[in-house]
Amino acid sequence: MAVVHSVCISTRKGEKKKPVESVTLREDFGIEGDAHAGSGRQVSLLALESLMRMREKLASITPGDFAENLNVQGLNELGLAVGSRFRVGAAVELEITQIGKKCHDSGCAIMRAVGTCVMPKEGLFAKVLTGGVIRPGDELTLLPANKGA
């Protein structure tokens with residue numbers, strides 16, 4: 001089972017995101033109040049296990065440090081790929097649009113500190129198909145493949 005551990009936002013691109021109690025997602029827009037809303041990477045996800053693995057290298061790492069919106073325990077167990085659709089909580093539906101991203105030219109602060117970063121290979125990006133509210137503790141459920149897509 002995959003469960004949201006933390007939800008994070010930032011008001012400006014290029015800065016760490018801060019954990020909040022809940023986030024509101026709007027269809028084909030992203031998370032209200034987040035700097036990446038309206039962009040091609042509406043919502044970013046990172047497995048909690050990836051964050052914890054990086055914490056072994058740099059103890060000060062916390063949720064949001066990779067500019068991820070959602071930290072999800074058990075995320076990798078879902079086997080998500082580009083085009084995968086899933087529900088978060090009771091109403092929100094997301095679709096994976098990208099796996100990984102190019103790190104900053106000079107490398108992010110974490111890469112400079114420990115020599116590696118998880119987002120280029122392990123970060124997932126999604127678009128919002130159905131909006132709603134996401135909170136820590138919400139479960140993720142894989143949806144059937146979209147027939148005819």
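Counting from 1, residues in each chain are numbered in the order their sequence is written. Given that the model is predicted, a residue must reach a pLDDT of at least 70 before its local features are reported, and side-chain atom pairs must reach 80 or more before they are shown or counted; all residues, however, enter totals for whole chains, interfaces and linings. The side-chain quantities take in all heavy atoms of the structure and omit both hydrogens and water.

S.K.: Account for the overall build of the protein chain, with residues named and values stated.
M.R.: Helix numbers and strand numbers start at the N terminus; a helix is a DSSP run of H or I with at least 4 residues, a strand a run of E with at least 2. Helix and strand counts for the protein chain stand at three helices and 11 strands. Mapped from its N terminus to its C terminus, the protein chain presents α and β elements in the order β-β-β-β-β-α-β-β-β-α-α-β-β-β. Whether a residue is buried, partly exposed or exposed follows from its accessible area with a 1.4 Å probe, protein chains only, as a fraction of its type maximum: under 20%, in between, or over 50%, in that order. Taking all 149 residues of the protein chain together, the buried fraction comes to 44%. The contact criterion used is simple: two residues touch if any of their non-hydrogen atoms lie within 4.5 Å. In the protein chain, once contacts between residues fewer than 6 apart in sequence are set aside, the share between residues at least 24 apart is 69%. In the structure as shown, the protein chain presents an accessible area of about 7,600 Å², 49% of it carried by carbon and sulfur atoms. Only the protein chains shown count as covering a residue, and every accessible area follows the Shrake-Rupley method with a 1.4 Å probe.

S.K.: Give a detailed account of the pairing of strand β1 (residues 2-9), specifying residues and quantitative values.
M.R.: The rule for pairing is simple: two strands pair if DSSP sees at least two bridges between them. As paired strands, β1 and strand β11 (residues 139-142) are joined by two bridges and run antiparallel to one another. Paired with Val3 across the two strands is Glu139, which belongs to β11. As paired elements, β1 and strand β6 (residues 70-73) share four bridges and run antiparallel to each other. Bridging across to β6, Val7 finds its partner in Leu70.

S.K.: Run through the environment of Pro136, naming residues and quoting values.
M.R.: As for its position among the elements, Pro136 is in the loop between β10 (132-134) and β11. C-alpha of Pro136 to C-alpha of Val20: the two residues are 116 residues apart in sequence and 9.2 Å apart in space. Discounting chain neighbours no more than four positions away, the residues touching Pro136 are Val4, His5, Ser6, Val7 and Glu21.

S.K.: Could you give me a rundown of the sheet that holds strand β3 (residues 23-26), with the residues and numbers involved?
M.R.: Taken in spatial order, the three strands of this open sheet run β4-β3-β10, and their pairing is antiparallel. Strands at the two margins of the open sheet, each flanked by one partner only, are β4 (30-31) and β10. In terms of strand pairing, β3 meets β4 through two bridges, oriented antiparallel. Within the sheet, the bridge partner assigned to Arg26 lies in β4 and is Gly30.

S.K.: Residues and numbers for the packing of aromatic side chains, please.
M.R.: Two aromatic rings from Phe, Tyr or Trp, using only the six-membered ring of Trp, form a pair when their centres are within 6.5 Å; if the ring planes differ by under 30 degrees the pair is stacked, by over 60 it is edge-to-face, and anything between is tilted. Under the defined criterion, the tally for this structure stands at zero aromatic pairs. Between the NZ or CZ atom of Arg26 and the centre of the ring of Phe29, over which it lies, the distance is 4.0 Å. Across the ring face of Phe125, the terminal group of Arg41 is positioned such that the distance to the ring centre comes to 5.1 Å. Look at NZ for Lys and CZ for Arg. If either is within 6 Å of the ring centre and within 35 degrees of the ring normal, a charge sits over the ring.

S.K.: Go over the nonpolar core with me, naming the residues and quoting the values.
M.R.: Ranked by size, the top nonpolar core spans 24 residues in total, and within it Leu25, Leu45, Leu75, Leu94, Ile134 and Leu140 carry the most contacts. Of all the secondary structure elements, the ones that give two or more residues to this core are β1, β3, β5 (43-47), β6, β7 (85-88), β8 (92-99) and β9 (124-130). When near neighbours in sequence (up to four residues on either side) are disregarded, Leu140 contacts Ala2, Val3, Val4, Val72, Leu75, Leu78, Phe86, Arg87 and Val88. We define the nonpolar core as a collection of buried residues of types Ala, Val, Leu, Ile, Met, Phe, Trp, Tyr and Cys that are connected through side-chain atoms lying within 4.5 Å of one another.

S.K.: Tell me about the environment of Asp34, and name the residues and values.
M.R.: Looking at where Asp34 falls in the secondary structure, it is placed in the loop between β4 and β5. Ignoring anything within four residues of it in the chain, the contact list for Asp34 reads Cys8, Ile9, Ser10, Lys17 and Asn69.

S.K.: A description of helix α1 (residues 48-55) should follow, citing residues and the corresponding values.
M.R.: Within α1, the full set of buried residues consists of Leu48, Ser50, Leu51 and Met54. The arc that holds every buried residue of α1, seen down its axis, measures 160°, which confines them to one face. Throughout, the arc means that of the directions going from the helix axis to the C-beta atoms.

S.K.: Report on the side chain of Asp65, specifying residues and quantitative values.
M.R.: With respect to the helices, strands and loops of the structure, Asp65 is situated in the loop between α1 and β6. Two N or O atoms count as a polar contact when they lie within 3.5 Å, although within protein this holds only if one can serve as hydrogen donor and the other as acceptor, and sequence-adjacent residues are included solely when both atoms are side-chain atoms. At a separation of 2.8 Å, a polar atom in the side chain of Asp65 contacts the main-chain amide nitrogen of Thr62.

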